[in-house]
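Chain by chain, the residues run as shown.
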Amino acid sequence: MDGLNILRILAFLCVFLLHTKLFLPMAWNENVSWAWVLWTPAWGGVWIFMILSGYGIGRGFYSGRYEVSAKGILRYWIKRIAKILPVYWFYIFSVALFMDPALLTPTKESIPQLCSLLFFNYRSDFDTDIFGVAWYLTTMMRLYILAPLVFLLLKRVKSRRMNMVLFLFLLLAGLAARTWMRSYILRTSGSWDFEVYVPFYFNLDLFFCGFLLGGLPYKEKNAFVISGRIFAFLLILGWILVNSKIYYEGNYAANSFYMQLYQYVFPTGYCIATAIYIYLFDICRTSRQSRFSMTKAGRAVAGIINRFPVIQLPFYLYHPVILQCMLYTYKDETYAGYASFWHIPPEYTEFAKSCFFTFQALLLCLLWAIIVGTLLSNRPEQKSSRTLGDFL
């Protein structure tokens, strides 16, 4: 089982569960004291994806899979586009056709907007409920373009110690840049979303910290690897839970300090926790297998988890659209009937309805992602299936 896929699934659930709450037509947290656990940090999930993407691309360059020549770099860029474009363009045209047909009507306004979407130039005036997730691919494409150019500089670094020095430098530089932007935004009443979160240059530290990890050689370790992996998983899970609590308090209790802590400091924490996870789950190799992984059920679970990268991109792109469609067709009596069938106490009915809505949305998104991913996604190579960079 690829341990990095477990982290990808966890990161995606952070995004999905939070976005679901934005479309829920009921008081989902009513009478539930622990509702904050489900107010997952979507931004945190995205930061994890960026670090993993950097690691995947970095591993490709440091291992020699991508040639550092004009021809090799061009081939790398074409490969990146070829893996993303079929699913991405199908998403744009299918969503526009059924939910925003005016975008496909040739006008002075629609043609530039459609071209911006098609060629990874996300704009703040796009309909965020439909095309809001497109910003991520715009940011990632810019980082993918920079990757081989940065590698030309980084390949001069031969020692592991210098690699770690650069890692720490990027880590601190990212924290310093976001801290400076906090004071700037407070002075100018700017937008954190479009001035810090979305621009690729404020995600350089996340992507290239992961990239530098790709330069570390694999290690064969059997002692303490299993316990180390348990620690790494609990560390990232604990960080997400702490973030969920802070985010919930910041949103529902209007605690601006908690929100700023999440927006400006937590990206650095995610970088550290994810780096530890990558090191223990992928860089440190072991020939040992758990008892569960050797069972038939364990192999089946591993097979399902290892297929996640194939459906990840359509899952991510289409989930807001499916949630929007579910909201359009929502009938309260249907979900109230589910709660009644399962004998949910009246004080928890609203929460139960939100859970049914979320579960149904997850199944629909999964089914559609499997269809689109199977038809349009390039088949992952056996070796490269270990890296998020091959799929996003």
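Structure shown above.
Turning next to the layout of surface pockets. Computed from the structure, the second largest pocket encloses a volume of approximately 560 Å³. His19, Leu22, Thr128, Gly132 and Trp135 are the residues nearest the centre of the second largest pocket, which is lined by 22 residues in total. Counting residues per element, the ones that place at least two in the lining of the second largest pocket are α1 (3-23), α2 (42-62), α5 (128-131), α8 (192-197) and α13 (308-328). If you tally residues by element for the lining of the second largest pocket, the top one is α1, at 5 residues. For the lining of the second largest pocket, a count of residues per class yields 17 nonpolar, 3 polar and 2 charged.

Here we take up unusual backbone geometry. Not every positive phi belongs to a glycine, and Asn31 is a case in point at roughly 65 degrees. Within the secondary structure layout, Asn31 lies in the loop between α1 and α2. Residues other than glycine seldom take positive phi values, yet His343 does so here, at roughly 55 degrees. Along the polypeptide, His343 turns up in the loop between α14 (332-341) and α15 (349-376).

Right, let's get into the state of the cysteines. Within this structure, the stated rule accounts for 0 disulfides. With no disulfide of its own, Cys284 lies closest to Cys271 among cysteine sulfurs, the gap being 17 Å. In this model Cys355 remains outside any disulfide bridge; the closest cysteine sulfur is found in Cys365, 16 Å from its own. Exposure remark for Cys355: the relative accessible area of 31% places this residue in the partly exposed category.

Okay, the pattern of salt bridges next. The tally for this structure, following the rule as stated, stands at 5 salt bridges. Notably, a salt bridge pairs Arg178 with Asp205, separated by 2.9 Å at the nearest N-O pair. You can see Arg178 sitting in helix α7 (residues 160-188) and its partner Asp205 sitting in helix α9 (residues 204-213), a full 27 residues away along the chain. Of the residues examined, Arg178 reaches a relative accessible area of 3% and is grouped as buried. Linking Glu249 and Lys245 is a salt bridge whose minimum nitrogen-to-oxygen distance equals 3.4 Å. Of the two residues, Glu249 and Lys245 are both situated in helix α10 (residues 225-252); the distance of 4 residues between them amounts to about one turn of the helix. You can call Glu249 partly exposed: its relative accessible area is 24%. Residue classification places Lys245 among the partly exposed positions, given a relative accessible area of 35%. What you see here is one network of salt bridges that share partners, running through Asp332, Glu350 and Lys353.

Moving on to the side chain of Asn243. By the element assignment, Asn243 lies in helix α10. A polar contact of 2.6 Å, which involves the side chain of Asn243, links it to the side chain of Tyr270. Those residues in contact with Asn243 that sit more than four places away from it in its chain are Pro41, Tyr262, Phe266 and Tyr270.

Conventions used here
- Residues numbered from 1 in each chain as written.
- Predicted model: local features only at pLDDT ≥ 70, side-chain atom pairs only at ≥ 80, totals over all residues.
- Heavy atoms only, no water.
- 1 Å grid on protein atoms, 1.4 Å probe; cavity = no way out; pocket = protein on both sides within 12 Å on 5 of 7 lines; lining within 4 Å.
- Points joined across faces, edges and corners; volume = space filled by probe spheres on them.
- Helix = DSSP H or I, 4+ residues; strand = E, 2+ residues; numbered from the N terminus.
- Nonpolar A, V, L, I, M, F, W, Y, C, P; charged D, E, K, R; others polar.
- Disulfide = S-S within 2.5 Å.
- Buried < 20%, exposed > 50% of the residue type's maximum accessible area, 1.4 Å probe, protein only.
- Salt bridge = Lys/Arg side-chain N within 4 Å of Asp/Glu carboxyl O.
- Polar contact = N/O pair within 3.5 Å; in protein donor to acceptor, adjacent residues only side chain to side chain.
- Contact = heavy atoms within 4.5 Å.

Bear in mind that shape data such as this cannot, by itself, settle questions of function.
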